[in-house]
Amino acid sequence: MKHLPKHLRPRWRYLAVGIESWADTEIGRRAFQRALWYSAGNLLGDAGSADADLTLLSFAHADGTGEAVVRVRHGHVDDARAAIACVSEVDGEPVGILVRGISGTVRACEERYMGRATASSTQRDVAFEGAERPAVVRGDACDLRGESGRVGATMFDTE
């Protein structure tokens, strides 16, 4: 079977997506793909979701931060951005998702927008609400457990 000529092949765009969650949350590739499809199906309907064709090409998540490359059909970038923005949890765990940028090739997407989520995290005690509490510190952000549950704070809040 012959290949399609270049002008008849589907055109794709690649979205660099940043993922942030609590430090002890584990998110799998399949669970994230399922959350993308579910969100697209709810927002765009079956036909719109099939047209956009959101496909997860690469995924990495560890220590509460992660990144992914999502492939989308050329004319459906706005629909895909809206569907990605609607993802608020993966497997019942809350997540924050940010589209870092859009590119025409996977290589350009990885070179321009990826690699920023590799900030190191450390475990240490911080002073919060007048008491010493264990926390995971990533740059200026802290994830800690208070009496009422988990709290996301900045270094300014803990001093």
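By the naming in an unreviewed UniProt entry, the chain is Ribonuclease P protein component 2, taken from Halorubrum xinjiangense. Regarding the chain, the UniProt comment filed under Sequence similarities (unreviewed entry) reads as follows: "Belongs to the eukaryotic/archaeal RNase P protein component 2 family." Its UniProt record, at the heading Subcellular location (unreviewed entry), says of the chain: "Cytoplasm".

**Comments concerning the packing of aromatic side chains**
Taken as a whole and assessed by the stated rule, the structure comprises 1 aromatic pair. Above the ring of Trp12, the side-chain terminus of Arg71 is found at 3.8 Å from the ring centroid.

**Describing the nonpolar core**
The biggest cluster of nonpolar side chains holds 23 residues, and the ones touching the most others in it are Leu15, Phe32, Leu36, Leu54, Val70, Ile84 and Val90. It is helix 1 (residues 29-52) that provides the largest number of residues to this core, a total of 6 residues. If we ignore the near neighbours within four places in the chain, the residues touching Phe32 are Val17, Ile19, Ile27, Leu56, Phe59, Ala68, Val90 and Ile97. Counting 7 residues, the second-largest nonpolar core is a separate cluster that includes Trp12, Tyr14, Ala16 and Val69.

**Describing the sheet that holds strand 5 (residues 93-103)**
If you trace the 5 strands from one edge of the open sheet to the other, you get 2-3-1-5-4, paired in antiparallel fashion. With one partner strand each, in any of the chains shown, strand 2 (55-62) and strand 4 (89-90) form the two edges of the open sheet. Here 7 bridges tie strand 2 to strand 3 (residues 65-73), and the two strands are oriented antiparallel to one another. Directly across from Ala62, in strand 3, lies its bridge partner Thr65. Sitting on the sheet, helix 3 (residues 106-113) is in contact with strand 1 (12-21), strand 2, strand 3 and strand 5, with an inclination near 115° to strand 5.

**Looking at the pattern of salt bridges**
Counted by the stated rule, this structure contains 5 salt bridges. Arg71 is the partner of Asp53 in a salt bridge, and the nearest nitrogen-oxygen pair spans 4.0 Å. Taken together, the residues Asp53 in the loop between helix 1 and strand 2 and Arg71 in strand 3 connect sequence positions 18 residues apart. Among the residues examined, Arg71 registers a relative accessible area of 22% and is labelled partly exposed. One salt bridge connects Asp53 with Arg73, and the closest N-O pair in it is separated by 3.9 Å. Taken together, the positions of Asp53 in the loop between helix 1 and strand 2 and Arg73 in strand 3 put the pair 20 residues apart, joining distant regions of the chain.

**Focus: the packing of helix 1 against helix 2 (residues 77-85)**
Relative orientation of the contacting elements helix 1 and helix 2 amounts to 115°, with a least axis distance of 8 Å. Overall, the two elements helix 1 and helix 2 adopt an arrangement that is roughly perpendicular. Helix 2 is crossed by helix 1, and the crossing has right-handed handedness. Contact residues: Leu36, Ser39, Ala40, Leu43 and Leu44 in helix 1; Asp79, Ala82, Ala83 and Ile84 in helix 2. Here the residues of the contact of helix 1 with helix 2 sort into 7 nonpolar, 1 polar and 1 charged.

About the cut-offs
Residues numbered from 1 in each chain as written. Predicted model: local features only at pLDDT ≥ 70, side-chain atom pairs only at ≥ 80, totals over all residues. Heavy atoms only, no water. UniProt positions renumbered as here; feature names shortened; annotations may be inferred. Phe/Tyr/Trp six-rings, centres within 6.5 Å; stacked < 30°, edge-to-face > 60°. Lys NZ or Arg CZ within 6 Å of the ring centre and 35° of its normal. Core = buried A, V, L, I, M, F, W, Y, C linked by side-chain atoms within 4.5 Å. Buried < 20%, exposed > 50% of the residue type's maximum accessible area, 1.4 Å probe, protein only. Helix = DSSP H or I, 4+ residues; strand = E, 2+ residues; numbered from the N terminus. Contact = heavy atoms within 4.5 Å. Pairing = 2+ DSSP bridges. Axes fitted to C-alpha atoms, helices over the stretch in contact; angles between N-to-C directions. Salt bridge = Lys/Arg side-chain N within 4 Å of Asp/Glu carboxyl O. Parallel < 35°, antiparallel > 145°, perpendicular 65-115°, else oblique. Left-handed = near helix turned anticlockwise from the far one by under 90°. Nonpolar A, V, L, I, M, F, W, Y, C, P; charged D, E, K, R; others polar.

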